[in-house]
Amino acid sequence: MSKLTQKAIMNAFLEILEYKTLDKITVKDIIESTEINRNTFYYYYEDIYDLLDHIFNAEIEKVLSEAPKNATFYEEYIRAASILINNRQAIIHIYNSKSRMLLFTYLETVTNVFVERFVKERAVKYELSEEGIKYITSFYSTAIVGNTLHWINKGMSSYSEKVIKMISNSFEATIDAMIQDYQSHKDY
């Protein structure tokens, strides 16, 4: 029962966040929507921001635990970005709130994990060092998170799959050259 209650609270919060800014949402809004009492909410969460943190942590766990073995970079990026795409207005509200860092942490965490997997796959034929893998993963992750935040800042236009496809294509088009360049300039 507790997992169902938590899921109901999370879903109600995300639904409310679609039409109400984060700083305007109250615990009362959530308990009225879920038809639970205030004590039940506080049994699971300290406040609205703790709830938001739990939502992002649950999403991180979901994305990381359900990673398909043969997915393309594009498919992995779509999977990691699904919370953004499916909750567009809520994400914009979070981005424009004092809790923006939770969104950034989510993006950084899932992006680092899936980018590192693809860098490692490509790095095998070059015998790239762990240091090289970390550098290149950081480079691409930072670029992807930055572009994703820029996209959110611009209102997350409806062509989300086009943006994700362009970023994925950029990775695919440059990863081998990046690894080769790193290998030839190890002395930096």
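Residues numbered from 1 in each chain as written. Predicted model: local features only at pLDDT ≥ 70, side-chain atom pairs only at ≥ 80, totals over all residues. Heavy atoms only, no water.

1. Overview of the overall build of the chain
Each helix and strand in the chain was counted, giving 9 helices and 0 strands. Overall, the chain shows an N-to-C arrangement of helices and strands of α-α-α-α-α-α-α-α-α. Dimensions along the principal axes, computed over C-alpha positions, put the chain at roughly 60 × 35 × 30 Å. Within the chain, the fraction of its 188 residues that count as buried is 44%. Accessible surface for the chain amounts to roughly 10700 Å². Of this, 51% is attributable to carbon and sulfur atoms. For the chain, the distance from the average site of its 21 positive side-chain charges to the average site of its 26 negative ones is 4 Å. (Helix = DSSP H or I, 4+ residues; strand = E, 2+ residues; numbered from the N terminus. Buried < 20%, exposed > 50% of the residue type's maximum accessible area, 1.4 Å probe, protein only. Areas by Shrake-Rupley, 256 points an atom, 1.4 Å probe, with all protein chains shown as cover. Lys, Arg positive; Asp, Glu negative; His and termini not counted. Charge placed at Lys NZ, Arg CZ, Asp CG, Glu CD.)

2. Concerning helix H1 (residues 2-19)
Owing to its 3.6 residues per turn, the α-helix aligns residues three or four sequence positions apart on the same side. The terminal C-alpha atoms of H1, which comprises 18 residues, lie 27 Å apart, in line with the 26 Å expected from a rise of 1.5 Å per residue. Residues Thr5, Gln6, Ile9, Met10, Ala12, Phe13, Leu14, Ile16 and Leu17 constitute the buried set of H1. Its buried side turned inward, H1 meets helix H2 (27-34), helix H3 (38-44), helix H4 (48-65) and helix H6 (88-95). (Expected span 1.5 Å × (residues − 1). Contact = heavy atoms within 4.5 Å.)

3. Structural notes on empty space enclosed by the protein
Taken as a whole, this structure holds 2 cavities of 30 Å³ or more when the rule is applied. Looking at the largest cavity, its volume works out to about 50 Å³. Lining of the largest cavity is provided by Tyr77, Ala80, Ala81, Leu84, Leu107, Val110, Thr111, Phe114, Ile144 and Thr148. Going through the elements one at a time, helix H5 (73-86), helix H7 (100-123) and helix H8 (130-153) are the ones with two or more residues in the lining of the largest cavity. (1 Å grid on protein atoms, 1.4 Å probe; cavity = no way out; pocket = protein on both sides within 12 Å on 5 of 7 lines; lining within 4 Å. Points joined across faces, edges and corners; volume = space filled by probe spheres on them.)

4. Points about H4
An ideal rise of 1.5 Å per residue puts 26 Å on 18 residues; H4 measures up with 26 Å between its terminal C-alpha atoms. Tucked into the core, H4 has its buried residues touching H1, H2, H3, H5, H6 and H7. Two or three places before Tyr49, at the opening of H4, Asp47 has a side-chain oxygen 3.1 Å from that residue's backbone nitrogen. (Polar contact = N/O pair within 3.5 Å; in protein donor to acceptor, adjacent residues only side chain to side chain.)

5. Side note on the layout of surface pockets
Space inside the largest pocket adds up to approximately 470 Å³. Lining the largest pocket are 14 residues, with Lys7, Met10, Ile55, Ala58 and Glu59 sitting closest to its centre. Taken together, the elements giving at least two residues each to the lining of the largest pocket come down to H1, H4 and H5. The leading source of residues in the lining of the largest pocket is H1, at 6 residues. Classifying every residue of the lining of the largest pocket gives 5 nonpolar, 5 polar and 4 charged. (Nonpolar A, V, L, I, M, F, W, Y, C, P; charged D, E, K, R; others polar.)

6. So, unusual backbone geometry
We note that Glu35 has phi near 60°; this positive angle belongs to a residue other than glycine. Tracing the chain through its elements places Glu35 in the loop between H2 and H3. The backbone phi angle of Glu127 is positive, close to 55°, even though this residue is not glycine. Among the structural elements, Glu127 can be located in the loop between H7 and H8. On the basis of relative accessible area, Glu127 is assigned to the exposed category, the value being 71%.

7. Observations regarding the packing of aromatic side chains
One pass over the full model with this rule turns up 13 aromatic pairs. Consider the rings of Phe73 and Phe118, whose centres lie 5.3 Å apart with planes at 70°: the pair is edge-to-face. Of this pair, Phe73 sits in helix H5 while Phe118 is found in helix H7, placing the two residues 45 residues apart along the sequence. Phe118 matches Phe73 in its accessibility class, with the two residues each being buried. Grouping aromatic residues by their ring pairs yields a cluster made of Phe73, Tyr77, Phe114, Phe118, Tyr135, Phe139, Tyr140, Phe171 and Tyr182. For Arg100, the ring lying beneath its charged end belongs to Tyr95, and the centroid distance is 3.9 Å. Directly above the ring of Tyr74 sits Lys165, whose terminal nitrogen or CZ lies 4.7 Å from the centroid. (Phe/Tyr/Trp six-rings, centres within 6.5 Å; stacked < 30°, edge-to-face > 60°. Lys NZ or Arg CZ within 6 Å of the ring centre and 35° of its normal.)

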